[in-house]
Number of protein chains: 4
Amino acid sequence: MSDATEAAFEAGIKLGALYHQFVGTPVSPATAPSVATAIEQAVALQPCVESVRVRIDTSLMVPNAFGYSELAGKMFDVEIVTRVRSAVCRAQLRLDGDYPLMKIVECHEEP
Amino acid sequence: MSDATEAAFEAGIKLGALYHQFVGTPVSPATAPSVATAIEQAVALQPCVESVRVRIDTSLMVPNAFGYSELAGKMFDVEIVTRVRSAVCRAQLRLDGDYPLMKIVECHEEP
Amino acid sequence: MSDATEAAFEAGIKLGALYHQFVGTPVSPATAPSVATAIEQAVALQPCVESVRVRIDTSLMVPNAFGYSELAGKMFDVEIVTRVRSAVCRAQLRLDGDYPLMKIVECHEEP
Amino acid sequence: MSDATEAAFEAGIKLGALYHQFVGTPVSPATAPSVATAIEQAVALQPCVESVRVRIDTSLMVPNAFGYSELAGKMFDVEIVTRVRSAVCRAQLRLDGDYPLMKIVECHEEP
């Protein structure tokens, strides 16, 4: 199998992992940046990660009676780049309609 | 990008997701089968999953003072098959030395 | 501090734990019973738990484009009874308006 | 039931919740502070929380082959103070022997 396929596998692992690790975390517009930073740092520790950027869309928060929200999948805006040898994969987690979609943006082997 | 690469991405998503969703769950040898079944059913709902098999290695459980363990990554023995159009990817989560390794077993496009 | 207070503390631990362990799990009406059973068995392993009953309100599921939902806090209908020595605490997690509320139903010391 | 009992229930909820939300997060000595801050901010949003302090004991980390660890229950050193009306409850999550124990330190009603 190709290095590009392995890089895509690694990107999928990280997106699936961060989603299910952090969904449900109490969050507010004020705390979203520190949650995003914590997620970025957690992902960056894992193998094959070249870069990761996490934003939490605070406009999708609907505060409950106590004034906060829970981190929901649809709030994620994540881009990750993984590398396996000469192959690089760029993937995203981003709201697509109603669904927080994970997809490959591009995956290529460097010459 | 190839269908095989996409199938690998989907397999990675599911393995990363189940790991981080369920790690930390209180578990014992007696309850491990129902946790494994719940995980299998959760994964099977997700897109592109052809089949998934989850076993929890109860021999790795070290009961705490109250007689139970927490589901740890190293206890997972998972095999998943994903499909994207004509491509099929078989991947595993299984202890490799001390590390619960996720890896592609094979990934191919059907003729 | 009283045994009743400790029993309430233990009930709170279990409700907070199950909520944040399982929120985000892919679920459908067909798989909800096995998820509920897995949660009940996980909670029952923990100290001070006399009984626990978990139901998942499938009427609150809004299937995504792929036909499944994620377990959300508002779907939980949980009742737990904890015991610390002679004190018994009965507590619930149940939707109250828009908020999945955890509350003590009763807490008393047996004579 | 007394306000002190309710305050203890609220403290239990928060400790159970943070434990099961964050266990499994990839962590290293370098990233532990930002994870601890994110946890503190998440807990502080929830009702009845007067204060919360989270430390992650990096000395208990055993790096895997890739140089990082997963946040484990035994690494937590947490103190939380909850209030319900005139009652205040101080509780901890801290390693006790081999078990990450949650316990009430004191719970009293102010005069």
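Everything that follows concerns the structure shown earlier in this document.
Note that the coordinates shown come from a computational prediction; the quantities given were computed from them, not determined experimentally.

(A) Expanded view of empty space enclosed by the protein. One pass over the full model with this rule turns up 5 cavities of 30 Å³ or more. Taken as a whole, the largest cavity spans an internal volume of roughly 60 Å³. Residue lining of the largest cavity: A:H20, A:Q21, A:V23, B:H20, B:Q21, B:V23, C:H20, C:Q21, C:V23, D:H20, D:Q21 and D:V23, and that is the complete set. Going through the elements one at a time, α1 (3-22) of chain A, α1 (3-22) of chain B, α1 (3-22) of chain C together with α1 (3-22) of chain D are the ones with two or more residues in the lining of the largest cavity. Split by residue class, the lining of the largest cavity holds 4 nonpolar, 8 polar and no charged.

(B) View of the nonpolar core. Core analysis: the largest hydrophobic core is formed by 144 residues, its most contacted members being A:F76, B:F76, C:F76 and D:F76. Not counting residues up to four positions away in its chain, the partners in contact with B:F76 are B:L18, B:Y19, B:F22, B:V23, B:I39, B:R55, B:L71, B:L93, B:R94 and B:L95.

(C) How the structure looks around the packing of aromatic side chains. Inspection of the entire model under this criterion finds 10 aromatic pairs over all chains. A ring pair is formed by A:Y19 and A:F76, whose centres lie 5.8 Å apart and whose planes are at 40 degrees; its orientation type is tilted. Highlighted residues: A:Y19 in helix α1 and A:F76 in strand β4 (residues 76-84), separated in sequence by 57 residues. Among the residues examined, A:F76 registers a relative accessible area of 2% and is labelled buried. Between A:Y99 and C:F66, the ring centres sit 4.7 Å apart and the planes meet at 65 degrees, which makes this aromatic pair edge-to-face. Residue A:Y99 is found in strand β6 (residues 99-109), and its partner C:F66 is found in the loop between β2 (49-56) and β3 (69-70); the two belong to separate chains. A:Y99 sits in the buried class, given a relative accessible area of 15%. Judged by its relative accessible area of 40%, C:F66 is partly exposed.

(D) Seen up close, the pairing of strand β5 (residues 87-96) of chain C. Residue and element names in this part refer to chain C. Judged from the 8 bridges that link them, strand β4 (residues 76-84) and β5 form a sheet pairing that is antiparallel. Directly across from V78, in β5, lies its bridge partner L93. Taking the residues that link successive antiparallel strands as the turn, the β4-β5 hairpin has 2 residues, and the phi of R85 there is positive, at about 50 degrees. Two strands pair when backbone bridges link them, and β5 and strand β6 (residues 99-109) are joined in this way by 10 bridges, in the antiparallel orientation. Looking at β6, one finds that C89 is bridged to C107.

(E) Fine view of the relation of the copies chain A and chain D. Its rotation angle being 180 degrees, the transformation that places chain A on chain D also includes 0.0 Å of axial translation and leaves an RMSD of 0.0 Å. What the rotation and shift describe, once combined, is the action of a two-fold rotation axis.

(F) Broad picture of the pattern of salt bridges. Residue and element names in this part refer to chain C. According to the stated counting rule, one finds 36 salt bridges over all chains in the structure shown. Between R83 and E110 there is a salt bridge whose closest N-O contact spans 3.3 Å. One end of the pair, R83, is in strand β4; the other, E110, is in the segment after β6, with 27 residues separating them in the sequence. For R83, a relative accessible area of 27% gives the class partly exposed. On the accessibility criterion, E110 (35% relative accessible area) is partly exposed.

(G) Spotlight on the interface of chain A and chain D. Across the contact, 19 residues belong to chain A and 19 residues belong to chain D. The three residues of chain A that bury the most area against chain D are A:Q21, A:P26 and A:L45, which together make up 32% of that side's buried surface. Linking chain A with chain D are 0 salt bridges, by the criterion used here. Remark: the boundary between chain A and chain D carries 7 residue pairs in polar contact (both at pLDDT 80 or more).

(H) Representation of the sheet that holds β4(A) in the model. Taken together, the 4 strands give an open sheet; going across it, the order is β2-β4-β5-β6 (chain A), and neighbouring strands pair in antiparallel fashion. Whereas interior strands pair on both sides, the edge strands pair on one side only; in this sheet they are β2 (49-56) and β6 of chain A. Between one strand axis and the next, the sheet turns through 10 degrees on average, direction left out of account. One ladder, built from 7 bridges, connects β2(A) with β4(A); its direction is antiparallel. Bridge pairing in β4(A) places A:V49 opposite A:T82. This element, α1(A), spans β2, β4, β5 (87-96) and β6 of chain A of the sheet and lies at about 145 degrees to β4(A). Each of β5 and β6 of chain A touches α1(B); the most contacted strand, β6(A), lies at about 130 degrees to it.

About the thresholds
Residues numbered from 1 in each chain as written. Chains lettered and ligands numbered in written order. Predicted model: local features only at pLDDT ≥ 70, side-chain atom pairs only at ≥ 80, totals over all residues. Heavy atoms only, no water. 1 Å grid on protein atoms, 1.4 Å probe; cavity = no way out; pocket = protein on both sides within 12 Å on 5 of 7 lines; lining within 4 Å. Points joined across faces, edges and corners; volume = space filled by probe spheres on them. Helix = DSSP H or I, 4+ residues; strand = E, 2+ residues; numbered from the N terminus. Nonpolar A, V, L, I, M, F, W, Y, C, P; charged D, E, K, R; others polar. Core = buried A, V, L, I, M, F, W, Y, C linked by side-chain atoms within 4.5 Å. Buried < 20%, exposed > 50% of the residue type's maximum accessible area, 1.4 Å probe, protein only. Contact = heavy atoms within 4.5 Å. Phe/Tyr/Trp six-rings, centres within 6.5 Å; stacked < 30°, edge-to-face > 60°. Pairing = 2+ DSSP bridges. Least-squares fit on C-alpha atoms with pLDDT ≥ 70 in both. Salt bridge = Lys/Arg side-chain N within 4 Å of Asp/Glu carboxyl O. Buried area = accessible area lost by both parts, 1.4 Å probe. Polar contact = N/O pair within 3.5 Å; in protein donor to acceptor, adjacent residues only side chain to side chain. Axes fitted to C-alpha atoms, helices over the stretch in contact; angles between N-to-C directions.

Everything listed here is a matter of coordinates, which is why it stays silent on function.
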